[in-house]
Amino acid sequence: MKITLLYGGQSAEHDISIISAHSICQAIMYNYYQVQPIYITKTGQWLKAPLLEGPSTSPEQLTLTAGDTAHWASAPGEVSSGVVINPGEIKVEGEETIVFPVLHGPNGEDGTIQGFLEVLGLPYVGAGVTASANGMDKIISKRLFDNSNIPQVPYEAFDKREWRESSEELIQKCEGSLLYPLFVKPANMGSSVGISKVSDRQELAEAIEVALKYDRRIVVEQGITADECEVAVLGNDDAHVSEVGKLLKESEFYDYEEKYINNQVIMQIPADLPEAVAEKIQDYALKAYRAIDGSGLSRVDFFVTSSYDVYINEINTMPGFTPYSMYPNLWKATGLNTRDLIEELLQLALRRFNAKQ
Ligand code: ATP
Ligand code: MG
Ligand code: MG
Ligand code: MG
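Keep in mind that this is a model prediction, so the values were computed, not measured.

Participant: Is there a simple way to explain the coordination of the magnesium ion (ligand 2) in this structure?
Facilitator: Note on the magnesium ion (ligand 2): its protein donors are Glu314 (OE), Glu314 (OE) and Asn316 (OD1). The metal-donor distances range over 2.0 to 2.4 Å. In this model, the magnesium ion (ligand 2) sits 3.1 Å from the magnesium ion (ligand 3), the two metals being bridged by Asn316. As far as burial versus exposure is concerned, Glu314 and Asn316 are alike and both buried.

As structure tokens, then:
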């Protein structure tokens, strides 16, 4: 069986996708599969790289170079370029494949690629169309979490047109229902891109303009002083949860720089929490997964206050998968190594595909 690995992509999380894809590729190869890397450039071109052959290729040979023309390198620093293809050409008649879309953010994690793969009739790893769209959209997912009685911090949501027509009223509305500091977020994004923490009206208005560069729809949330805990979910209708992990961070806002550049974050797994609190988090995580119609995998993120109040922050249907990412490390701590985790994800993809046939 050949695994088609889609990575890169046009979202702001392009570079993270490359690092995730690299580590997933290594695990797939250990499982004796062939890997067909398909690199999507920042401008949306699809490049088909040479096929990577099973266990004979040592992972050291798979060093990946980042940047706009990233490809799978045959040796560190040495780049083997791909052939430009039409996206539909990832389906090759008579060849069986499972697609692993290692794409984060819009045009990857939001149901668009998933819909494309459905139309092509290819099995793929991870959430389906509905779950991807539900999970990526912070406004929709908040409505679904409310519906499932999962506690969240207070928030307001609006779109660009409303902001252009009545910004004064919207600021008043936010200030009426929420207490500073506030977090302003584009509805569809990830890796903290476009997110600002603000402490007054002037900053709020500026942050909304920043977020509007990434999406037409905006969420403004009440800021909370809390630990951030995350839990991994794996499975289709039979989904199960991992241990809970906690981020031990230097700063309060886990922004892009903190996540990927400073690497100031240490993961505590399992999180030092009373058992009942950990169980509550796991229970909410499964509820959230079902609320969005999850399948395959998700990482569900929570805020936990010093008095152990738990609030869901968000769900990520294609979480970071680098060796330093929470998702694979949560499973490792739960007794599932990354190779077996990848194998399980591939089997789940096939099972969902076959169930629909
Ligand atoms: P991811 O990379 O996990 O997909 P994201 O871009 O979807 O992240 P969020 O998780 O919503 O963004 O927010 C990014 C970070 O900002 C959080 O991890 C947390 O550190 C901080 N943050 C977000 N909302 C709040 C809030 N309401 N109160 C306190 N901190 C917050
Ligand atoms: Mg997110
Ligand atoms: Mg994300
Ligand atoms: Mg997050």
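Participant: Sorry if this is basic, but what is going on with the site of ligand 1 here?
Facilitator: Lining the immediate surroundings of ligand 1 are 24 residues, of which Lys138, Lys185, Ser192, Glu228 and Asn316 lie closest. Contact between ligand 1 and Arg299: an oxygen atom at 2.9 Å from a side-chain N or O atom of the residue. Surface burial for ligand 1 is 96%, taken as the share of its 620 Å² of free accessible area covered by protein chains. For the shell around ligand 1, the elements supplying multiple residues, two or more each, are strand E9 (182-186), strand E11 (217-222), strand E15 (296-304) and strand E16 (310-316). Taken together, the residues of the shell around ligand 1 sort by class into 8 nonpolar, 7 polar and 9 charged. Split by domain, the residues of the shell around ligand 1 number at least three in each of domain 2 (136-150 + 225-356) and domain 3 (155-222).

Participant: Would you mind going over the nonpolar core with me for this structure?
Facilitator: Side chains that are nonpolar tend, in soluble globular proteins, to be buried together. The biggest cluster of nonpolar side chains holds 37 residues, and the ones touching the most others in it are Leu5, Ile28 and Phe100. Those elements giving two or more residues to this core turn out to be strand E1 (2-8), helix H1 (14-30), strand E2 (34-40), strand E7 (97-102), strand E12 (227-235), helix H9 (326-334) and helix H10 (338-356). The dominant element in this core, judged by the number of residues it contributes, is H1, at 7 residues. Residues lining this core come from more than one domain, with at least three contributed by each of domain 1 (2-124) and domain 2 (136-150 + 225-356). Membership of the second largest hydrophobic core comes to 26 residues, among which are Ala131, Ile150, Cys229 and Val300.

Participant: How do you make sense of the domain arrangement of the protein chain when you look at a structure like this?
Facilitator: Buried accessible area, meaning the area lost when the parts come together, often serves as the stated size of an interface. Each assigned domain of the protein chain is listed here: domain 1 (2-124), domain 2 (136-150 + 225-356) and domain 3 (155-222). Between domain 2 and domain 3, the buried area comes to about 1500 Å², and carbon and sulfur atoms account for 53% of it. The largest per-residue losses of area from domain 2 upon contact with domain 3 belong to Lys138, Ile139 and Phe253, which jointly make up 39% of the total buried on that side. At the boundary of domain 2 and domain 3, one finds 7 residue pairs in polar contact (both at pLDDT 80 or more). Mapped by element, the contributors of at least two residues to the side of domain 2 that touches domain 3 are helix H4 (138-147) and helix H7 (256-261). Counting residues per element, the side of domain 2 that touches domain 3 draws most heavily on H4, which supplies 6 residues. For the side of domain 2 that touches domain 3, the class distribution of residues is 7 nonpolar, 1 polar and 8 charged.

What counts as what
Residues numbered from 1 in each chain as written. Chains lettered and ligands numbered in written order. Predicted model: local features only at pLDDT ≥ 70, side-chain atom pairs only at ≥ 80, totals over all residues. Heavy atoms only, no water. Donors = N, O, S within 2.8 Å, 3.2 Å for Na, K, Ca; no water. Buried < 20%, exposed > 50% of the residue type's maximum accessible area, 1.4 Å probe, protein only. Near = heavy atom within 4 Å. Polar contact = N/O pair within 3.5 Å; in protein donor to acceptor, adjacent residues only side chain to side chain. Areas by Shrake-Rupley, 256 points an atom, 1.4 Å probe, with all protein chains shown as cover. Helix = DSSP H or I, 4+ residues; strand = E, 2+ residues; numbered from the N terminus. Nonpolar A, V, L, I, M, F, W, Y, C, P; charged D, E, K, R; others polar. Domains from an automatic or database assignment. Core = buried A, V, L, I, M, F, W, Y, C linked by side-chain atoms within 4.5 Å. Buried area = accessible area lost by both parts, 1.4 Å probe.

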